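Letter by letter, the chains look like this.
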Amino acid sequence: MSQKYKNLMSPLKIRNFVLKNRMVASNSLPHFLQGPETYPADSVIAHYENKAKGAAITTCMGINNFTIGKQFPMNMDFGHFPDYDLYDCNSQNYLIQLADSIHYYDSIACMAMFVGPPSFYPLMKKKKTEKNSEYDYQAATIGPPPMEEFEIEKIFAHGDPVEYDEVTLNKICDSYAEQAWILQMLGYDMVSIHYCYRGNLPSKFISPHTNRRTDKFGGCLENRMRFPLMVLERVRNKVGNNFLIEIEWSAEDISGGYTLDDTVAFLNEAKKYIDIVQLRASKVDPAHPTGFNLEETPFLHYSEYVKKRVDNLIIGTIGGYHYIDTCEKVIAQGKADLICMARAWISNPNYFELVKEGRGEDVVPCLRCNKCHGRGEKDPFVSVCSVNPIIGLEHKIQRMIAPVGKKKKVAVVGGGPGGMRCAMYLKERGHEVTIYEAGDKLGGAIKHSDYASFKWPLRDFKDFLINQVEKYNITVKMNIKATPEMLSKENYDVIITALGAVPAKPPVSGIDKENVFFAEKAFMDPDSLGKNVVVIGGGEVGVEAAMHLCEKGHNATVLEMRERLAADSTKIHYLEMFKEAWEAISNFSSIVNATVTGIKDEGVCYKDKDGIEHSIPCDSVVVSAGMKALTDEALKFASISDEFYIIGDCKTPATIQQAMRSAFSTAMRI
């Protein structure tokens, strides 16, 4: 084992538990792994097993209390969360299996308690029954003693703090304690209780924005702390000392709410009952940082501040942790005790092996696209990761991969992301691979990431692929536009075409004028465009092109025919941050419900939703109207080898995620 990341790999004792390292798989789950089952499905168990191989603590998402099926797909975060029934014996069997699978890898089995709306706090109470006169249980001489019957009282979980009297608040405390106790009986070592974002009732009580009570539970900080502390005290008293309790906590409130110093005051009281605090952002979306956060780990200052002011409490930091060198440095410098990660385990199923072997350079960069939460509104409801093609398939992937037969000679035509990744998979399977790239650089359609500041995660991914191609010692023939005639002379067993796509040219008059460019030009050579630019097409690429032009000093106006910009972007934990980013740019503007009718030397003409004609003066026009797959060109290679495949963009215009899945599935059949 390498000693490169010795601090990250160092064990930590908490109560009677020894954590095997300082890495935590925080509560997360690709949204569509769980079906309607009220217990962990096989797909979910396999996902958490893979995390447990490396994580010291594996936190499972699953206690939401009656939220299943309550939301329209992709409308909210909660409708596709699992909702495990702690009170059903059959569900308990599977929950035990999940904990047992985690323990197999010497990981702490933790269950998160996040009560997503609409939901309730359950509490068992004895069921009133009439004595059965036909059978005297006490007189029976055989069989087990009778079991007490219970029914579940459901207490609404998402009311305003002023709506709950003290009797009900005590019942809610008992509910938290009861659920933790059941989890303890089912073999779990730890519970993680959600106290973030003013989402669940305890966090609503702590925030002055949501707590308007005037009694002993409202007003000053001491009073607002009362109920959240009651919950933790009740849980600790119920589970005893041989159980770990974590809270997920917004380190500071939104503007006008509680402060970081208030957090310190709360934690100095809460540490009587809890073992770990995981310090998160004030709002839910920013807690899942994207490329629009130019800082890699934007919330590290929280743990650094709290750790200096709260003794005898394990401090976990979360938000953007991915690169191993960064994680090692945080632990080595004493800025946190634990690194809590979600997307790192999703994008890199072998993350722990890379840490153990000191191979930080081999970590596949996360794109921070948050597609693990779901894709665009019109996409299929399946779980994916843009850079890890087996997400969603973990429980069945082994039977989907063909065994490797004889070594084959393979040509990959195209050095974009799909072509490079496919070549690496083929090399891992023992084949001889050559990449043919027509240009002077690898990278294909994502080369534009070199230029836009907010595309840094994609740039990291591109550079990773290029470096790995070199590390794999894959033959690359640059500046060569491969032809069927050329490759037919090389006797390849397999031809894989990864030619990509070209910008689609909409049927608009004036589209061929000299002042009209495609989006790639806006990214790579903004200085060649005039001061005032109109971007035709307000999809994700068009908006990003306009943002980049604005950063470079241009004035950009986006015209979009649909009713909103970036309509196909990832809706959960991405679109709102994307929107905030473009709205923060003063020289960025947009017009929706706009149908472009023509391009003239002096500007662009369009019709609004009422059919009224308008024009916008501009110096240059950028077209971002989608892509056209180079399928016909790819098909010319079909007859020159025994095996022929089309992957990525040249089959149909594709995202990075689709290209990576295509590259993987193709390579695994060869």
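Residues numbered from 1 in each chain as written. Predicted model: local features only at pLDDT ≥ 70, side-chain atom pairs only at ≥ 80, totals over all residues. Heavy atoms only, no water.

*Asks:* Explain the overall build of the protein to me, please; I cannot follow it from the model alone.
*Replies:* Within the protein, the regular secondary structure consists of 20 helices and 27 strands. Against the compact-globule benchmark of 26 Å for 670 residues, the protein has a radius of gyration of 28 Å, which places it among compact chains. Its C-alpha atoms give the protein principal-axis dimensions of about 90 × 65 × 60 Å. Going through the 670 residues of the protein one by one, you find that 56% of them count as buried. Contacts spanning at least 24 positions in sequence make up 72% of the contacts within the protein whose residues lie at least 6 apart. For the protein, the accessible area works out to roughly 28,500 Å², and carbon and sulfur atoms hold 49% of it. When the 77 basic and 85 acidic side-chain charges of the protein are each reduced to a single mean position, those positions are 2 Å apart. (Helix = DSSP H or I, 4+ residues; strand = E, 2+ residues; numbered from the N terminus. Rg over C-alpha atoms; globule rule 2.2 N^0.38 Å. Buried < 20%, exposed > 50% of the residue type's maximum accessible area, 1.4 Å probe, protein only. Contact = heavy atoms within 4.5 Å. Areas by Shrake-Rupley, 256 points an atom, 1.4 Å probe, with all protein chains shown as cover. Lys, Arg positive; Asp, Glu negative; His and termini not counted. Charge placed at Lys NZ, Arg CZ, Asp CG, Glu CD.)

*Asks:* Explanation requested: the domain arrangement of the protein in the structure shown.
*Replies:* Frequently, the measure chosen for interface size is the accessible area removed from exposure when the parts meet. Domain boundaries in the protein define domain 1 (12-129 + 145-362), domain 2 (404-503 + 628-668) and domain 3 (516-625). Taking only C-alpha atoms, the centre of domain 1 and the centre of domain 3 are 41 Å apart. The interface is formed by twelve residues belonging to domain 1 together with ten residues belonging to domain 3. The contact between domain 1 and domain 3 buries some 1,000 Å² in all, and 68% of this surface belongs to carbon and sulfur atoms. Residue lysine 283 is joined to glutamate 580 by a salt bridge in which the shortest nitrogen-to-oxygen separation is 3.9 Å. (Domains from an automatic or database assignment. Buried area = accessible area lost by both parts, 1.4 Å probe. Salt bridge = Lys/Arg side-chain N within 4 Å of Asp/Glu carboxyl O.)

*Asks:* Is there a simple way to explain the packing of aromatic side chains in this structure?
*Replies:* Two aromatic rings, taken as a pair, are described by how far apart their centres are and by the angle between their planes. Overall, the coordinates contain 19 aromatic pairs when judged by the stated rule. With centroids separated by 4.9 Å and ring planes inclined at 80 degrees, the aromatic side chains of tyrosine 104 and tyrosine 105 adopt a geometry described as edge-to-face. When its relative accessible area of 67% is taken as the criterion, tyrosine 104 is described as exposed. An aromatic cluster is built from Phe292, Phe454, Tyr574, Phe578, Trp582 and Phe588, whose rings are joined through pairwise contacts. The ring of phenylalanine 352 has lysine 20 sitting right over it, with the charged end atom 5.8 Å from the ring centre. The ring of tryptophan 181 carries lysine 238 above its face, with NZ or CZ at 4.6 Å from the centroid. (Phe/Tyr/Trp six-rings, centres within 6.5 Å; stacked < 30°, edge-to-face > 60°. Lys NZ or Arg CZ within 6 Å of the ring centre and 35° of its normal.)

*Asks:* Looking at this model, I keep getting lost on the sheet that holds strand E25 (residues 620-623). Mind explaining?
*Replies:* The strands making up a sheet are joined through hydrogen bonds of the backbone, oriented either antiparallel or parallel. One open sheet accounts for five strands, arranged E18-E25-E19-E20-E21; its pairing is parallel. The strands lining the two open edges of the sheet, one partner per strand, are strand E18 (516-518) and strand E21 (588-591). Strand-to-strand twist in this sheet, taken as the mean axis angle between neighbours without regard to direction, amounts to 25 degrees. Pairing analysis gives five bridges linking strand E19 (residues 532-536) to strand E20 (residues 555-559), with the strands arranged parallel. The residue of E20 that forms the bridge with asparagine 532 is asparagine 555. (Pairing = 2+ DSSP bridges. Axes fitted to C-alpha atoms, helices over the stretch in contact; angles between N-to-C directions.)

*Asks:* Can you walk me through the pairing of E25 in this structure?
*Replies:* Burial of E25 is two-sided: the residues Ser620 and Val622 facing one way and the residues Val621 and Val623 facing the other way are all buried. Judged from the three bridges that link them, E18 and E25 form a sheet pairing that is parallel. By the bridge assignment, phenylalanine 518 is partnered in E25 with valine 623. Note: E19 against E25, four bridges, orientation parallel. The residue of E25 that forms the bridge with valine 535 is valine 622.

*Asks:* Even after reading the chapter, I still don't get the sheet that holds strand E10 (residues 276-280), so can you show me in this structure?
*Replies:* Spatial ordering of the closed barrel is given by E3-E4-E5-E8-E9-E10-E11-E12, a layout of eight strands whose pairing is parallel. Recorded for the sheet is a direction-independent mean angle of 25 degrees between the axes of neighbouring strands. The strands touched by helix H8 (residues 300-307) within the sheet are E10 and strand E11 (314-318), with E11 carrying the most contacts at an inclination of about 165 degrees. Contacts between helix H9 (residues 324-332) and the sheet are confined to E11 and strand E12 (338-341), with E12 contributing the most and set at about 145 degrees to the helix.

*Asks:* Hey, could you run me through unusual backbone geometry in this one?
*Replies:* Glycine aside, residues mostly have negative phi, and peptide bonds are mostly found in the trans state. Non-glycine residue arginine 368 carries a positive phi angle of around 55 degrees. Here arginine 368 falls in the buried class, since its relative accessible area comes to 5%. A positive phi angle, near 60 degrees, is found at asparagine 473, a position not held by glycine. If you trace the backbone, asparagine 473 turns up in the loop between helix H14 (456-471) and strand E15 (475-477). Overall, asparagine 473 belongs to the exposed group, its relative accessible area being 60%.

*Asks:* I tried to follow the nonpolar core on my own but got confused; where do I start?
*Replies:* Soluble globular proteins tend to pack their nonpolar side chains together in the buried interior. Counting residues in hydrophobic clusters, the biggest one holds 76 residues, and the most contacted among them are Ile193, Ile247, Phe266 and Leu267. Judged by nonpolar contacts, the second largest core, of 42 residues, contains Cys369, Cys385, Cys422 and Ile670. (Core = buried A, V, L, I, M, F, W, Y, C linked by side-chain atoms within 4.5 Å.)

*Asks:* Before we go on, may I ask you to explain the packing of helix H7 (residues 260-270) against H8 in this structure?
*Replies:* Two measures define how a pair of helices packs: the angle their axes make with one another and the distance between the axes. Look at H7 against H8: their axes get within 10 Å of each other, and the N-to-C directions meet at 50 degrees. When the interaxial angle is binned, H7 and H8 end up oblique. Of the two possible hands of crossing, H7 and H8 adopt the one that is right-handed. The residues of H8 that touch H7, namely those facing Leu260, Asp261, Thr263, Val264 and Leu267, are Tyr302, Tyr305 and Val306. By residue class, the composition of the contact of H7 with H8 is six nonpolar, one polar and one charged. (Parallel < 35°, antiparallel > 145°, perpendicular 65-115°, else oblique. Left-handed = near helix turned anticlockwise from the far one by under 90°. Nonpolar A, V, L, I, M, F, W, Y, C, P; charged D, E, K, R; others polar.)

*Asks:* Can you walk me through H9 in this structure?
*Replies:* In an α-helix, one turn spans 3.6 residues, which is why side chains three or four residues apart end up on the same side. Taken together, the buried positions of H9 are Ile324, Cys327, Glu328, Val330 and Ile331. Taken down its axis, H9 places every buried residue within 160 degrees of arc, on the same side. Structurally, H9 contributes buried residues whose contacts are with H8, E11, E12 and helix H11 (351-356). A positive phi of about 70 degrees marks glycine 334, the residue just after H9. (Arc of directions from axis to C-beta.)

*Asks:* Mind showing me how you'd approach the environment of isoleucine 182 here?
*Replies:* Its location among the elements puts isoleucine 182 in helix H3 (residues 166-185). Its relative accessible area of 4% is what places isoleucine 182 among the buried residues.

*Asks:* Would you take a moment to explain the environment of valine 622 for this structure?
*Replies:* Relative to the assigned elements, valine 622 resides in strand E25. Valine 622 sits in the buried class, given a relative accessible area of 0%.

*Asks:* Hey, could you run me through the side chain of asparagine 223 in this one?
*Replies:* Checked against the element boundaries, asparagine 223 lands in helix H5 (residues 221-224). Engagement of the side chain of asparagine 223 in a polar contact is seen with the side chain of arginine 226, the distance being 3.0 Å. Ignoring any residue separated from it by four or fewer positions in sequence, one finds asparagine 223 in contact with Asp215, Lys216, Phe217 and Gly218. (Polar contact = N/O pair within 3.5 Å; in protein donor to acceptor, adjacent residues only side chain to side chain.)

*Asks:* Before we go on, may I ask you to explain the state of the cysteines in this structure?
*Replies:* The bond known as a disulfide is covalent and runs between the sulfur atoms of two cysteines. Taken as a whole and judged by the stated rule, the model has zero disulfides. Cysteine cysteine 618 is unpaired, with the sulfur of cysteine 605 as its nearest cysteine sulfur at 9.7 Å. (Disulfide = S-S within 2.5 Å.)

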